[in-house]
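Here is what each chain is made of, one letter per residue.
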Amino acid sequence: FFDLPHSMAYLPIAINLKERVCLIIGGGRLAERKAQVLLGCGSRIRLIAPDPVPTLAQALAKSKGCEVLQREFVIDDLDAPDIHLVLLTTESERWGLQVSERAQQHRLPVYIADNPALSTFTFPEVIDRSPVQYTVSVAGGPPPPGRYIPGKMGGTVPPAPGAP
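First, a word on what this report is: a plain description of the structure on this page.

Conventions adopted
Residues numbered from 1 in each chain as written. Predicted model: local features only at pLDDT ≥ 70, side-chain atom pairs only at ≥ 80, totals over all residues. Heavy atoms only, no water. Phe/Tyr/Trp six-rings, centres within 6.5 Å; stacked < 30°, edge-to-face > 60°. Buried < 20%, exposed > 50% of the residue type's maximum accessible area, 1.4 Å probe, protein only. Helix = DSSP H or I, 4+ residues; strand = E, 2+ residues; numbered from the N terminus. Core = buried A, V, L, I, M, F, W, Y, C linked by side-chain atoms within 4.5 Å. Contact = heavy atoms within 4.5 Å. Salt bridge = Lys/Arg side-chain N within 4 Å of Asp/Glu carboxyl O. Pairing = 2+ DSSP bridges. Axes fitted to C-alpha atoms, helices over the stretch in contact; angles between N-to-C directions.

**What to know about the packing of aromatic side chains**
One pass over the full model with this rule turns up four aromatic pairs. Ring geometry for Phe-121 versus Phe-123: centroids 6.3 Å apart, planes at 40°, classification tilted. Pair check on accessibility: Phe-121 and Phe-123 agree, each one buried. Of the aromatic side chains, those joined through ring pairs into one cluster are Tyr-111, Phe-121 and Phe-123.

Below, the structure written as structure tokens:
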């Protein structure tokens with residue numbers, strides 16, 4: 001139909017998660033970084049982790065509509081009808097496939113941090129020049145290049161329109 005030079009592995013889209021529950025499984029530094037981004041777009045976060053890093057637990061405790069469940073994850077946690085997005089942020093061969101399959105059964109977008117093949121979306125790095133946002137993803141590749149590129153680009157991306 002169109003004469004395209006190549007095909008994209010992922011469609012770059014933006015999703016409105018304001019006031020929507022996003023389930024994060026795992027409570028380490030990666031969960032903290034992802035929670036920060038989700039909170040920035042107004043998401044309500046449900047974190048399930050037996051021992052989340054204190055800064056994450058404290059930030060979520062102070063955030064409207066968020067909850068911290070300090071316990072082990074069980075697969076039936078994915079059956080809650082209010083969940084809109086799922087992130088597995090632990091390195092867990094035990095849970096990756098099960099979380100991916102159950103989330104997809106519920107037609108939920110799912111991100112498995114240590115196994116992009118089980119994910120239905122990538123979690124891009126963001127350069128925020130509100131109201132303009134630039135995202136950089138590596139189409140399921142390893143995360144370091146995704147974090148490297150915005151760091152190098154950040155100084156070259158113009159400020160928001162109308163900014164001094």
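Additional details are given in the paragraphs that follow.
**Quick look at unusual backbone geometry**
For residues that are not glycine, phi is negative in most cases, and the peptide bond is trans in most cases. Residue Glu-19 is not a glycine yet carries a positive backbone phi of 65°. Relative to the helices and strands, Glu-19 resides in the segment before β1 (21-25). Here Glu-19 falls in the partly exposed class, since its relative accessible area comes to 45%. Its identity as a non-glycine residue notwithstanding, Arg-107 has a phi of 60°, on the positive side. The topology assignment puts Arg-107 in the loop between α3 (93-105) and β5 (110-112). Accessibility expressed as a relative area gives 77% for Arg-107, which makes it exposed.

**Here we look at the environment of Asn-115**
Within the secondary structure, Asn-115 is located in the loop between β5 and β6 (125-129). Accessibility expressed as a relative area gives 29% for Asn-115, which makes it partly exposed. Along the chain, Asn-115 and Ser-92 lie 23 residues apart, while their C-alpha atoms are 9.4 Å from each other.

**Re the nonpolar core**
Ile-24, Leu-38, Ile-45, Leu-56, Leu-85 and Leu-87 are the most contacted members of the largest nonpolar core, which has 18 residues in total. Listed by contribution, the elements that provide at least two residues to this core are β1, α1 (29-40), β2 (44-48), α2 (54-62) and β4 (83-88). With three residues, α1 is the largest single contributor of residues to this core. Excluding its chain neighbours within four sequence positions, the residues that come into contact with Leu-85 are Leu-17, Val-21, Cys-22, Leu-23, Leu-38, Leu-108, Pro-109 and Phe-121.

**A word on the pattern of salt bridges**
This model, assessed by the stated rule, comprises six salt bridges. Of the charged contacts in the structure, one is a salt bridge between Glu-67 and Arg-46, with a shortest N-O distance of 2.5 Å. On the criterion of sequence distance, the pair formed by Glu-67 in strand β3 (residues 67-69) and Arg-46 in strand β2 is long-range, its members being 21 residues apart. Of the charged contacts, one joins Asp-76 and Arg-102 as a salt bridge, the two residues approaching to 3.3 Å between their closest N and O atoms. Here Asp-76, found in the loop between β3 and β4, pairs with Arg-102, found in helix α3; they are 26 residues apart in sequence, far enough to count as distant.

**Some words on the sheet that holds β2**
What the five strands build is an open sheet, ordered β3-β2-β1-β4-β5; its pairing is parallel. Each edge of the sheet is formed by a strand with only one pairing partner; in this case those strands are β3 and β5. Along the sheet, successive strands turn relative to each other by an average axial angle of 15°, direction set aside. Relative to β5, β4 is paired through three bridges, and the arrangement is parallel. When the bridges of β5 are listed, Leu-88 appears paired with Ile-112. With respect to the sheet, α3 is in contact with β1, β4 and β5, its orientation differing from that of β5 by roughly 170°.

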